[in-house]
Amino acid sequence: MQNFGVLPSATFPLTEGAERLGVSVDWYMRQLRARKLPGHKLGRKWRLTEDDLAEALRLTAMPALAPRPDPAGLTAGSRRRLERRGLNGTTGFEG
């Protein structure tokens, strides 16, 4: 027997879903309305299942990117310091 339009018993309100994902309720609501994230609207309320939350996490996840090493071997702070002082490869003397 199939359950058409019936949600599993374990559903969560939008506020709990936003809290679990670490986003604001307003942002989550905009994503649901734009159909960018999965969810179920029951009357005037949005409800989320575990599968909805897992899919939302997958869709919003960003891969970690390692910082690119500086070809000159300088840290970002050292490079900024040199650029502020005008020592980016010149001697500083007009001749």
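Provided above is the structure to which this section pertains.
Residues numbered from 1 in each chain as written. Predicted model: local features only at pLDDT ≥ 70, side-chain atom pairs only at ≥ 80, totals over all residues. Heavy atoms only, no water.

Enquirer: Before we go on, may I ask you to explain the pairing of strand 3 (residues 45-49) in this structure?
Expert: Two faces, one strand: in a regular strand the side chains alternate between the faces of the sheet. Pairing between strand 1 (residues 11-13) and strand 3: three bridges, direction antiparallel. Among the inter-strand pairings, P13 is bridged to a residue of strand 3, identified as R47. Here strand 2 (residues 40-42) runs beside strand 3; their pairing, made up of three bridges, is antiparallel. Its bridge partner being in strand 3, L42 is matched across the sheet by K45. Remark: two residues form the turn of the hairpin made by strand 2 and strand 3, two consecutive strands paired antiparallel; G43 in that turn has positive phi of roughly 70 degrees. (Pairing = 2+ DSSP bridges. Helix = DSSP H or I, 4+ residues; strand = E, 2+ residues; numbered from the N terminus.)

Enquirer: Before we go on, may I ask you to explain the pattern of salt bridges in this structure?
Expert: Any two side chains of opposite charge can pair, given that their charged atoms come close. For the structure shown, the criterion picks out three salt bridges. Salt-bridge contacts for E16 lead to R20; the nearest nitrogen and oxygen are separated by 3.7 Å. Placement of the pair is E16 and R20 together in helix 1 (residues 14-21), with a separation of four residues, close to one helical turn. R20 gets classed as partly exposed once you look at its relative accessible area, which sits at 44%. The residue R20 makes a salt bridge to E50 at a minimum N-O spacing of 2.9 Å. Of this pair, R20 sits in helix 1 while E50 sits in helix 3 (residues 50-60); the two residues are 30 residues apart in sequence, bridging distant segments of the chain. Look at E50 and you get partly exposed, because its relative accessible area is 42%. Through salt bridges that share partners, E16, R20 and E50 make up one connected network. (Salt bridge = Lys/Arg side-chain N within 4 Å of Asp/Glu carboxyl O. Buried < 20%, exposed > 50% of the residue type's maximum accessible area, 1.4 Å probe, protein only.)

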